[in-house]
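Commentary on secondary and tertiary structure
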Amino acid sequence: QVQLVESGGGLVQAGGSLRLSCVASGLTFGWYAMGWFRQAPGKEREFVAGISWSGGSTYYADSVKDRFTISRDNAKDTVYLQMSSLKPEDTAVYYCAARFRGQDMAHRAQYDFWGQGTQVTVSS
């Protein structure tokens with residue numbers, strides 16, 4: 001049974017930082033590209049960042065570029081999202097997802113497994 005478990009969310013003031021983690025189990029982690037998505041109330045789930053299976057390629061939404069950094073540790077079956085210079089508009093539930101194959105990292109339908117999410121709230 002595949003599980004993706006996110007952690008590290010919380011309440012932070014604007015301008016602050018948080019580091020999200022997502023631990024995977026039940027799959028061969030190094031075979032999967034990983035992504036972070038977020039969903040704010042009343043909005044669709046949107047792509048935030050993605051990383052290839054090796055970690056050699058990373059991808060970011062324009063809204064988080066230069067503020068967020070995605071990384072992974074295949075020895076620990078874990079993907080991270082370092083978030084800096086947080087803004088109130090970053091407030092959302094953040095989800096990690098695993099994708100075995102696909103062309104577009106931002107395409108939700110290409111992901112095979114999803115975590116339950118972790119809440120990030122940025123106060124102004």
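Quick look at the structure, then.

So, how was this worked out
Residues numbered from 1 in each chain as written. Predicted model: local features only at pLDDT ≥ 70, side-chain atom pairs only at ≥ 80, totals over all residues. Heavy atoms only, no water. Core = buried A, V, L, I, M, F, W, Y, C linked by side-chain atoms within 4.5 Å. Buried < 20%, exposed > 50% of the residue type's maximum accessible area, 1.4 Å probe, protein only. Helix = DSSP H or I, 4+ residues; strand = E, 2+ residues; numbered from the N terminus. Phe/Tyr/Trp six-rings, centres within 6.5 Å; stacked < 30°, edge-to-face > 60°. Pairing = 2+ DSSP bridges. Axes fitted to C-alpha atoms, helices over the stretch in contact; angles between N-to-C directions. Salt bridge = Lys/Arg side-chain N within 4 Å of Asp/Glu carboxyl O.

One finds Met34, Trp36, Val79, Leu81, Met83 and Tyr94 to be the most contacted residues of the largest nonpolar core, which totals 35 residues. For this core, the elements supplying multiple residues, two or more each, are strand E3 (18-25), strand E4 (33-39), strand E5 (46-51), strand E7 (68-73), strand E8 (78-83), strand E9 (92-99) and strand E11 (118-123). Residue contributions to this core peak at five residues, all from E9.

Our focus in this paragraph is the packing of aromatic side chains. Between two aromatic rings, the relevant description is the distance of the centres plus the angle of the planes. Considering all chains together, one arrives at six aromatic pairs under this definition. Between Tyr32 and Phe100, the ring centres sit 5.5 Å apart and the planes meet at 55°, which makes this aromatic pair tilted. In this pair, Tyr32 sits in the loop between E3 and E4 while Phe100 sits in the loop between E9 and strand E10 (113-114), placing the two residues 68 residues apart along the sequence. Measuring from centroid to centroid gives 6.1 Å for Tyr32 and Phe113, while their planes differ by 55°, and the two rings are tilted. Note that Tyr32 is positioned in the loop between E3 and E4 and Phe113 in strand E10, a separation of 81 residues in sequence.

Glancing now at the sheet that holds E8. Pairing within the open sheet is antiparallel, and its four strands lie in the order E1-E3-E8-E7. The sheet terminates laterally at strand E1 (3-7) and E7, the two strands that pair on one side only. This sheet shows a mean twist of 15° between the axes of neighbouring strands, independent of strand direction. Both E1 and E3 contribute to a ladder of five bridges, which runs antiparallel. Across the sheet, Glu6 pairs through a bridge with Cys22, a residue of E3.

Summed over all chains, the structure comprises five salt bridges. Note that Arg38 and Glu46 form a salt bridge whose closest N and O atoms lie 2.6 Å from each other. In this structure, Asp90 engages Arg38 in a salt bridge whose closest nitrogen and oxygen atoms are separated by 2.9 Å. Linking Asp90 in the loop between E8 and E9 with Arg38 in strand E4, this pair joins segments that are 52 residues apart in sequence. Each member of the pair, Asp90 together with Arg38, is buried. Here the salt bridges share partners, and the residues they tie into one network are Arg38, Glu46, Arg67 and Asp90.

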